[in-house]
Amino acid sequence: MQSRTSSWIWKSFLALILMAMACVGARGQDLKSFEQRITTKVLPNGLTLIVCERPEAPVFSYSTFIDAGDVNDPAGDSGLAHMFEHLAFKGTSEIGTNDYAAEKVALEKVEAANDAYQAEYLKPVGQDPSKLAELKKAFAAAQAEAHKFVVPNEFTEVAERNGATGLNASTGLDSTQYFWSMPENRLELWAWLESARLADTVPREFYKERDVVMEERRMRTDSSPIGRLFEQFLATAYVAHPYGRSSIGWPSEVGQITATEAMAFHKKYYVGSNEVVVVVGDVKASETMPILEKYFSKVPGGPKPEEMTTVEPVQFAEKTVVIREQTQPLYLEGYHRPDYRDPDDAVYDAISDILSNGRVSRLYRSLVRDQQIAAGAEGFSPYPGDKYPGLFAFFAVPLPGHTPAEMRDAIHKEIEKLKVADVSDAELQMYKTRSRADLLRGLANNQGLANTLAEYQTRYGDWRELFKQLDKVDKVTKADIRRVAKQVFVSTNRTSAEIDTEPQAAGATKDGGAE
Amino acid sequence: MRYLEMNQMEASPRSHKRGLGHPILIASALCAALLATVALNAQQGKPWEKIPVPKLHDFKPQQPRRIELKNGIVVFLQEDHELPFVSGSVMIPGGSRDEDAAKAGLVSLYGQTWRTSGTGKLSGDAMDDLLEAKAAHIETGDDIDSTSLAWDSLKGDADQVFALAMDLLFHPKFSAEKLALAQQQEATGIVRRNDDEGEIAEREASKLVYGANSPYTRQPELATIGAVTLKDLDAWHQQTLKGKLIVGISGDFDAAAMEARVRAAFEGLPTAKPAPARHDEFAGPKPGVYFINKEDVNQSNVEIVALGTDRRNPDVPAITVMNEILGGGFASRLFQKVRTELGLAYAVGGGFGMAYDHPAAFRAEVLTKSPSTVDATRAALAEIAGLKSAPFTEVELKRAKDNILNSFLFRYDSKDKVLAERERLEFYGYPADYLETYKSALEKVTLADLTAVAKKYIHPEKMAILVVGNAPEIKPGLDELKLGAIQPVDITIPKPAGMPGGAQK
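Q: Requested: an account of the overall build of chain A, with residues and values cited.
A: Counting secondary structure elements, chain A contains 19 helices and 11 strands. Taken over C-alpha atoms, the radius of gyration comes to 25 Å for chain A, in line with the 24 Å a tight globule of 515 residues would show. A principal-axis box enclosing the C-alpha atoms of chain A has dimensions of 70 × 70 × 50 Å. Per-residue burial for chain A yields a buried fraction of 53% across its 515 residues. Residue pairs at least 24 apart in sequence account for 82% of intrachain contacts in chain A once pairs closer than 6 positions are excluded.

Rendered as structure tokens:
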């Protein structure tokens, strides 16, 4: 039962989409049983702590949810929130260093050397090549000097040695999350590590890590046909809102972010009022809460940072991106929709469920089973985020010999059906039944539950909303679906992006640079 | 974006372990040295070392009940009353490595068509409608050495869904229409298989290790999937169903009633036939530097590969610890050097693969920008060769064991994981206490063991290096590696006459 390289590419497309979508999956079971197992506390610094008792095995998972992501990157600094997230693995003034006092001085010199180098590098005219080379050398020397005080990866090493599993973090446009699981007897050790990295981040090895992030961009975006397609799609769909900006960062911007800028981002956004920390597992709130309080009180207080206020203007012209390359064809389109607080939020979920969920879905049956023009077709929403108005998107993979244009026409036919006729009772009921079951299934996993509770607490100010969402699901009517479809799925609100296959030029064989 | 690439987390094939989460007992020979380290740390006042680590709560993972039927079929029942669901699966020996090479892709087509076709009583489409209305699922799947049928539903629907699943298991009716649909899906995968650089690298690296025509790596082509008929699917089904099935059921059910239901379904089958022994040969790669040009990328995928090992090898515990030191964690040599120190990669990792019944591959992977391809390859090769030349230290050994042993708990921290592990051991014929003995062996690994396995298994001169990347951007070129002529790999997709859709490179 080893996993085998899957040639069925649709699976990887779906995985990509699911990863890209905000977590809106689980929604509500027995609120009462959770009321008894969940304890919430807001610390004087504004940080919210949630402990959920689930003593299935002697382990716990945590999720730290920061209400800031790459939408909060200042203009010219796309990718900053993500860069900071990488920095949060580099340790503190106590871990990851052999002499912090000396290191601090050395790090200040690194910043000064980088500033000097950048000033020369960015000169519009009169750049002096020899001076530039000199400054570059000085920058490298300053980094080497600072490196002497580093104990590389000590923070993650201590976590791993103590059994941390699934240690990772993720930065989205809306938020940043840090998470792992550990044996329950390491709870206090974890609280020390996590609170320290939130409160006392040191901009250590920042410029090496920036190179690492540039490699991440090459992998996810530049060298991936789907990555390129999605980046161009969003950049075209949005003219003003940062949802249209590359979230890993445009190369010229993320490539010039400084440690000073990353620390300024931290100062502004990593305040208690912007953070929720959730622990789920074999823990007792009565014993755990005092420990969490002791450590997480170290996180700086401060006002909740002001929200990003750019509002995407109403789209009035249909937009299309065509990428012509040797990749096989793909089709993607999207329509602007409101954010997660909209009263119709559950109606969008109903539409994507009816159009896309499984082999009973309308898009599968129409494009895959009956017309046999696509290997797969899905509608999903909201994308790329839910905190601000996102898109309702459709994605289709043509079968060999079929074109993006056929995908577009077939998708539009299905959309039209939603506008002119009600969905069936069976379809609507299926959506409601599946929503309830999905929520239940999501409760049997410490990490998933921690992430979901943290998200709901942040977005609604109350984790209970996770369960209350089912009321909204139950209220969706057939008329709602028609009304929303008519309102949103109109051509002036549409952006599409496709890959059209260009044949390979003859004689293009190279051997990796061997002359 | 994530801090770590998920594949990277999986790159180190960590052991699975079931047992009690006791604190690690350190071999007495190491005690003095370790105590000295701890004392030194305490003097330096590392704050996290002052934090108490209490005794772990007592935990005895709940084992599923194992029932062996007279015909040899094995059933595992794992009760779990946390949520009102019941799920189950049947594992069937025989997978894609057993299919006819001229019909490569048969088992994959079978895995799809079996479910979508449905049964004599209920078509696959009607089954979709019925199940989805209940938020229930029945799915069939395929793998290299097995196929499977799995189901899940809310408790209230469990009897009906079980009956449907058994109908599909014993009375499938393969449909020509659904086979054609599956062939289209498969064809889509084939014509698209050279679009993504990572997919190319993974596939072609395996082919270097096992050989392009090996049952472990041969790939379906448009011609071979086109050769598969309904009769083939039916024959495959009839044949594999005679094997030793393993049934596993977990969830919110009454054990006595479930046992009766499962017995009624499986007890009447004839005695299970043992799987025929395989006689595969594993020569390992032909050493050298291989290259695949892809001009729409700015990053090279570098794969350094050799033959790995299987879990029956008594050296596996020591190899596991060596893996951890080479590429397993944040403190591993590859991560520290190539990512943290040199900043040459986001995704880097590697180690010896360990399969249950055949040698897996050794694999180290680095993804780096085109111009640093040679530097990153050299750096990774140096770390691999360094396993023999740079002596392992007590600190590395202790750290690697801590990493592995302190996270063992997560191999059995849910009832479903315990069940899956038992099914796996049963399937491959390993003792039920395999993981306990394995854990003990891991605890006993010494520096001398590490040195011995490095000497025995690390042979850089026998490794193949595959680079997928953008030739004009790779400067300096791969010839700078000075490991012989660069061998281009042809990945052109064979295009049979009369196939629509222009398969191309």
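Next comes the rest of the description.
Q: Please set out the overall build of chain B residue by residue, giving values where relevant.
A: Per the secondary structure count, chain B includes 17 helices and 14 strands. Computed over its C-alpha atoms, the radius of gyration of chain B comes to 25 Å, within 12% of the 23 Å expected for a compact globule of 505 residues. If one aligns the C-alpha atoms of chain B with their principal axes, the spans along those axes are about 70 × 65 × 40 Å. In chain B, which comprises 505 residues, the proportion classed as buried is 50%.

Q: Outline helix H9 (residues 230-240) of chain B, supporting the account with residue identities and numerical values.
A: Every α-helix carries 3.6 residues per turn, so stepping three or four residues along brings you back to the same face. Residue and element names in this part refer to chain B. Every buried residue of H9 is accounted for by Leu233, Trp236 and Thr240. On an axial view of H9, the arc spanned by its buried residues comes to 65 degrees, and they lie on one face. Those residues of H9 that are exposed and aimed more than 90 degrees away from the buried face are Lys231, Ala235, Gln238 and Gln239. Residues of H9 that are buried sit in contact with strand S3 (85-93), helix H3 (106-117), strand S5 (146-154) and helix H6 (176-191).

Q: Can you explain the interface of chain A and chain B? Please cite residues and give values.
A: Listed by partner, the interface residues are 87 residues for chain A and 97 residues for chain B. Those elements that place two or more of their residues in the side of chain A that touches chain B are helix H3 (80-87), helix H6 (154-161), strand S4 (165-171), strand S5 (176-183), helix H7 (187-199), helix H8 (206-222) and helix H16 (425-441) of chain A. The element that contributes the greatest number of residues to the side of chain A that touches chain B is H8 of chain A, accounting for nine residues.

Q: Can you explain the sheet that holds strand S9 (residues 374-383) of chain A? Please cite residues and give values.
A: Residue and element names in this part refer to chain A. In space, the five strands of this open sheet follow the order S7-S11-S8-S10-S9, with mixed pairing throughout. Only two strands of the sheet have a single partner each, and these edge strands are strand S7 (319-325) and S9. Between one strand axis and the next, the sheet turns by 10 degrees as a mean value, whatever way the strands run. Sheet analysis places strand S8 (residues 330-336) next to strand S11 (residues 494-501), joined by six bridges and oriented antiparallel. Pairing of Tyr331 across the sheet is with Glu498, part of S11. Lying over the sheet, helix H9 (residues 225-237) contacts S7, S8, strand S10 (391-398) and S11, oriented at roughly 150 degrees with respect to S11. Packed onto the sheet, helix H14 (residues 362-370) meets S9 and S10 and runs at close to 150 degrees relative to S9.

Q: Any details on the pairing of S4 of chain A? Residues and values, ideally.
A: Residue and element names in this part refer to chain A. In the sheet, S4 pairs with S5 via five bridges, with the strands oriented antiparallel. Each residue of the ladder has a partner; that of Thr165, found in S5, is Ser181. Linking S4 to S5, which pair antiparallel, is a turn of four residues.

Q: Quick one: what's the story with the nonpolar core, residue by residue and with numbers?
A: As a rule of thumb, nonpolar side chains are buried together in soluble globular proteins. Among the nonpolar cores identified, the biggest contains 186 residues, and Val278 and Leu453 of chain A together with Val305, Val321, Met322, Ala380 and Leu466 of chain B are the most heavily contacted of them. Element by element, the count of residues in this core is highest for H7 of chain A, at eight residues. The contact partners of Val278 of chain A, leaving out residues within four places of it in the chain, are Ile50, Cys52, Tyr62, Ser63, Ala450, Leu453 and Ala454 of chain A.

Q: Before we move on, could you go through the sheet that holds strand S2 (residues 48-53) of chain A and cite the residues and values that matter?
A: Residues and elements named next belong to chain A. Spatially, S1-S2-S6-S3-S5-S4 is the arrangement adopted by the six strands of the open sheet, whose pairing is mixed. The strands lining the two open edges of the sheet, one partner per strand, are strand S1 (38-42) and S4. Neighbour-to-neighbour, the strand axes of the sheet open up by a mean angle of 10 degrees, direction not taken into account. The sheet contacts of H3 involve S4 and S5, and relative to S4 the element is tilted by about 155 degrees.

Q: Please provide a residue-by-residue account of the packing of H3 of chain B against H9 of chain B, values included.
A: Residues and elements named next belong to chain B. Close contact between H3 and H9 brings their axes to 10 Å; oriented N to C, the two are set at 85 degrees. The pairing of H3 with H9 is recorded here as roughly perpendicular in orientation. Packed against H3, whose contacting residues are Leu106, Leu109, Tyr110 and Thr113, the element H9 presents Asp232, Leu233 and Trp236 at the interface. A breakdown of the residues in the contact of H3 with H9 according to their chemical character gives five nonpolar, one polar and one charged.

Q: I'd love a proper account of the confidence of the model for chain B, names of residues and values included.
A: Residues and elements named next belong to chain B. Of the residues in chain B, 90% have a pLDDT of 70 or more, and the chain-wide mean is 91. Here residues 6-43 is a poorly scored stretch, pLDDT under 50, and it has 61 contacts once near neighbours within four places are set aside; other chains count. Here residues 500-505 is modelled with pLDDT under 50, and outside its nearest four sequence neighbours on either side it reaches 18 contacts, counting other chains as well. Scored as a complex, the prediction yields pTM 0.91 and ipTM 0.90.

Q: Go over the domain arrangement of chain B with me, naming the residues and quoting the values.
A: Residues and elements named next belong to chain B. In terms of domains, chain B is made up of domain 1 (6-16 + 282-488) and domain 2 (71-266). The centre of domain 1, based on its C-alpha atoms, is set 31 Å off from the matching centre of domain 2. Listed per partner, the contact involves 25 residues of domain 1 and 18 residues of domain 2. Secondary structure elements with two or more residues in the side of domain 1 that touches domain 2: strand S7 (288-293), strand S8 (299-307), strand S12 (361-369), helix H15 (415-428) and strand S13 (464-469). It is H15 that contributes the most residues to the side of domain 1 that touches domain 2, eight residues altogether. Of the residues belonging to the side of domain 1 that touches domain 2, the class tally is 15 nonpolar, two polar and eight charged.

Q: Would you mind going over helix H19 (residues 478-488) of chain A in detail, with residue names and values included?
A: All names here are of chain A. Within the sequence span of H19, burial applies to Ile481, Val484, Ala485 and Val488. Down the axis of H19, the buried set is contained in an arc of 100 degrees. They therefore lie on one face. Each element contacted by the buried residues of H19 is listed here: S8, helix H13 (345-356), S10 and helix H15 (404-420).

Q: Account for the domain arrangement of chain A, naming residues and giving values.
A: All names here are of chain A. Considered domain by domain, chain A is made up of domain 1 (31-296) and domain 2 (311-501). Relative placement of domain 1 and domain 2: their C-alpha centres are 31 Å apart. Listing elements by their share of the side of domain 1 that touches domain 2, those giving two or more residues are S2, strand S3 (59-66), S5, H9 and strand S6 (275-281). It is H9 that provides the largest number of residues to the side of domain 1 that touches domain 2, a total of eight residues. Broken down by class, the residue content of the side of domain 1 that touches domain 2 amounts to 24 nonpolar, 11 polar and four charged.

Q: Provide a residue-level description of the pairing of S10 of chain A, including the pertinent values.
A: Side-chain positions along a regular strand alternate between the two faces of the sheet. Within S10 of chain A, eight of the eight residues are buried, leaving the element largely enclosed by the surrounding structure. On S10 of chain A, burial covers both faces: Leu391, Ala393, Phe395 and Val397 of chain A on one face and Phe392, Phe394, Ala396 and Pro398 of chain A on the other are all buried.

Q: An account of the confidence of the model for chain A is requested, with residue identities and associated values reported.
A: Per-chain confidence: chain A averages 92 in pLDDT, with 92% of residues scoring 70 or above. In this model, residues 1-29 of chain A is a region of pLDDT below 50 whose contacts with residues beyond four sequence positions or in other chains number 73 contacts.

Q: Could you give me a rundown of the environment of Asp500 of chain A, with the residues and numbers involved?
A: Residues and elements named next belong to chain A. When you line up the elements, Asp500 lands in strand S11. Placed 106 residues apart in sequence, Asp500 and Phe394 show a C-alpha to C-alpha distance of 17 Å. Among all residues touching Asp500, those that are not within four sequence positions of it are Val322, Arg324, Pro329 and Pro404.

Q: Could you give me a rundown of the environment of Ala347 of chain B, with the residues and numbers involved?
A: All names here are of chain B. Tracing the backbone shows Ala347 in the loop between helix H12 (333-341) and strand S10 (348-352). Residue Ala347 is classed as buried on the basis of its C-beta count, with 24 C-beta atoms lying within 10 Å. For the pair Ala347 and Asn301, spaced 46 residues apart in sequence, the C-alpha to C-alpha distance is 9.6 Å.

Q: How would you summarise the environment of Ala448 of chain B if you had to cite specific residues and measurements?
A: Note on placement: Ala448 of chain B falls in helix H17 (residues 447-457). A C-alpha to C-alpha distance of 9.6 Å links Ala448 of chain B and Ala318 of chain B, two positions 130 residues apart in sequence.

Rules of the game
- The residue numbers shown here count from 1 along each chain, following its written sequence.
- Note on labels: chains are lettered from A, ligands numbered from 1, in written order.
- Totals for whole chains, interfaces and linings use all residues, but because this is a predicted model, local features are given only for residues with pLDDT of at least 70 and pairs of side-chain atoms are given and counted only at 80 or more.
- Secondary structure elements are defined from DSSP: runs of H or I of at least 4 residues count as helices, runs of E of at least 2 residues count as strands, and each element is numbered from the N terminus.
- Atoms counted for the radius of gyration: C-alpha only. Globule rule: 2.2 Å times the number of residues to the power 0.38.
- In this scheme the burial state of a residue depends on its C-beta neighbours within 10 Å: 20 or more other such atoms mean buried, 12 or fewer mean exposed, and anything in between means partly exposed; the C-beta positions come from the backbone.
- Throughout, a pair of residues is in contact if the C-beta atoms placed from their backbones lie within 7 Å.
- Along the arc lie the directions from the helix axis toward the C-beta atoms.
- Here a strand pair is declared whenever DSSP counts at least two bridges between the two strands.
- Where helices are involved, their axes are fitted lines through C-alpha atoms of the stretch in contact, as for all axes, and angles between N-to-C directions lie from 0 to 180°.
- Definition of nonpolar core: a set of buried Ala, Val, Leu, Ile, Met, Phe, Trp, Tyr and Cys residues joined via C-beta atoms within 7 Å.
- Should an angle lie under 35 degrees it is considered roughly parallel, over 145 roughly antiparallel, and from 65 to 115 roughly perpendicular; all remaining angles are considered oblique.
- When residue character is reported, Ala, Val, Leu, Ile, Met, Phe, Trp, Tyr, Cys and Pro are called nonpolar, Asp, Glu, Lys and Arg charged, and the others, Gly included, polar.
- Every residue gets a pLDDT, meaning the predictor's confidence in that residue, from 0 to 100.
- Each domain's extent is set by a domain assignment, obtained either automatically or from a database.

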